[in-house]
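# Topology and contacts: notes
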Amino acid sequence: MHRFEELAAEFAQKFDTQHFPGHPASLYEPATYFLGLGGKRIRPVLCLMGNELFGDIDPDAWLLAASVELFHNFTLIHDDIMDKAPLRRGKPTVHEKYGASTALLTGDVMMVVAYDYVSRMQAQHIRPIMQIYNQTAREVCEGQQLDMDFETAESVSLEEYLTMIELKTSVLLAASLRMGAILGGAGVGNQQHLYNFGKSLGLAFQVQDDYLDAFGDPEKFGKQVGGDIVAGKKTFLLLKTLELATPAQHDRINALKKADPAAKIAGMLDIFSACGVDAWAVDLKEKYMQAAYQHLENIAVLARRKEPLLQLAAHLVKRES
């Protein structure tokens, strides 16, 4: 069994190759540029860990992992366009550097190459993998659309936000694990438990992300806290606050919408604390983590095989950055 860090290093070495042809350079150079920005590579490594939970890593798992990483980067390129984001990992986004039209095509061709990697797998693996892959791809698009819809919606319920996060973030983590498990020969019941482990872990990860944006240490978080507050994003914290706030607090929230960034952050943090959503978020994260651990416990393999996933789960939700 390998730890996440070991598999991540091996995947990075294998993934560091030419995924695209050279011509036309105006299309493929932006794709290579974007992949060069790096990332945590969580999703492709989850494919490998899902496979190794049940047996030795199948050679097809490396193809699947590369495909998942390319697919994830395709979604990021398009997300950046829709969000009008100028930076990704501290560097100019593809649409900022090369233009929106090129960025659209770059994302598209990255998705095509992602599917091509799946087509290179053994024939008996392609159909079961593609069924999950296509369903997940559709759900990720649904989640992104809901996220955009929420930007202009007058009100969003916590349940609606939860559904959006499941689709936009959690299902790809969960599917990465399940597709790896298929390559490892897992039965349907074990596959489903692993999928639910990944989905619950993804929700816990997002709760932690929302929490850190508001209450994290700027030096450890790596950026100024309160970015979601300034942007007016609907997060777990904001939506729960809107449920709990008094009429006077609602009035203050509305008034803070017109405040300068520093005053808006300070004012909203005061309201978050007054409503107790900081402690609520910690409890909610723990609830999702316990659900994840229970699903992992229910998987019928030796406990020692689960250790790398337990270590990764603890790291992801206890992080401070």
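What you see is a predicted model; the values in this text were computed from it and never measured. (Residues numbered from 1 in each chain as written. Predicted model: local features only at pLDDT ≥ 70, side-chain atom pairs only at ≥ 80, totals over all residues. Heavy atoms only, no water.)

## A look at the overall build of the protein
A count of helical and extended segments in the protein gives 16 helices and two strands. Its C-alpha atoms give the protein a radius of gyration of 20 Å, within 12% of the compact-globule value 20 Å for 321 residues. The principal-axis extent of the C-alpha atoms belonging to the protein is close to 65 × 50 × 35 Å. Within the protein, the proportion of its 321 residues that are buried is 53%. Nonlocal contacts in the protein, meaning residues at least 24 apart in sequence, comprise 74% of its contacts between residues at least 6 apart. Counting every atom, the protein has about 15100 Å² of accessible surface; 52% of that belongs to carbon and sulfur. (Helix = DSSP H or I, 4+ residues; strand = E, 2+ residues; numbered from the N terminus. Rg over C-alpha atoms; globule rule 2.2 N^0.38 Å. Buried < 20%, exposed > 50% of the residue type's maximum accessible area, 1.4 Å probe, protein only. Contact = heavy atoms within 4.5 Å. Areas by Shrake-Rupley, 256 points an atom, 1.4 Å probe, with all protein chains shown as cover.)

## Regarding helix α14 (residues 261-275)
For α14, which comprises 15 residues, the first-to-last C-alpha distance of 21 Å matches the rise-based estimate of 21 Å (1.5 Å per residue) to within 8%. Turning to α14, its buried residues are K264, I265, G267, M268, L269, I271, F272 and C275. Check the buried side of α14 and you find it contacts α9 (188-215), α11 (227-231), α12 (236-244), α13 (247-256) and α15 (277-297). Just downstream of α14, G276 is the residue with a positive phi angle, here 75°. (Expected span 1.5 Å × (residues − 1).)

## Considering the packing of aromatic side chains
Here the structure, examined in full by the defined rule, presents nine aromatic pairs. Taking the centre distance of 5.0 Å and the plane angle of 50° together, the rings of Y115 and Y133 count as tilted. You can see Y115 sitting in helix α6 (residues 100-119) and its partner Y133 sitting in helix α7 (residues 123-152), a full 18 residues away along the chain. A relative accessible area of 4% means that Y133 is categorised as buried. Ring centres 6.4 Å apart and planes at 55° place the aromatic pair F215 and F272 in the tilted group. Linking F215 in helix α9 with F272 in helix α14, this pair joins segments that are 57 residues apart in sequence. You can call F272 buried: its relative accessible area is 3%. Each residue in the set F71, F74, Y115 and Y133 is aromatic and connected to the rest through ring pairs, giving one cluster. (Phe/Tyr/Trp six-rings, centres within 6.5 Å; stacked < 30°, edge-to-face > 60°.)

## A closer look at the environment of A137
With respect to the secondary-structure elements, A137 resides in helix α7. Residues A137 and P92 lie 45 residues apart in sequence; the distance between their C-alpha atoms is 26 Å. Ignoring any residue separated from it by four or fewer positions in sequence, one finds A137 in contact with F71 and Y115.

## Points about the layout of surface pockets
When its volume is computed, the second largest pocket comes out at roughly 480 Å³. Contributions of two or more residues to the lining of the second largest pocket are made by α9, α11, α12, α13 and α14. (1 Å grid on protein atoms, 1.4 Å probe; cavity = no way out; pocket = protein on both sides within 12 Å on 5 of 7 lines; lining within 4 Å. Points joined across faces, edges and corners; volume = space filled by probe spheres on them.)

## Brief notes about the packing of helix α8 (residues 158-183) against α12
For the pair α8 and α12, interaxial distance at closest approach is 10 Å and the crossing angle is 165°. As far as their axial angle goes, α12 and α8 are roughly antiparallel. By crossing handedness, the relation of α8 to α12 is classed as left-handed. Residues L158, Y161 and L162 of α8 form the contact with α12, whose own contacting residues are F236, L239, K240 and E243. (Axes fitted to C-alpha atoms, helices over the stretch in contact; angles between N-to-C directions. Parallel < 35°, antiparallel > 145°, perpendicular 65-115°, else oblique. Left-handed = near helix turned anticlockwise from the far one by under 90°.)

So, to be careful, I would describe these as geometric facts and stop short of saying anything about function.
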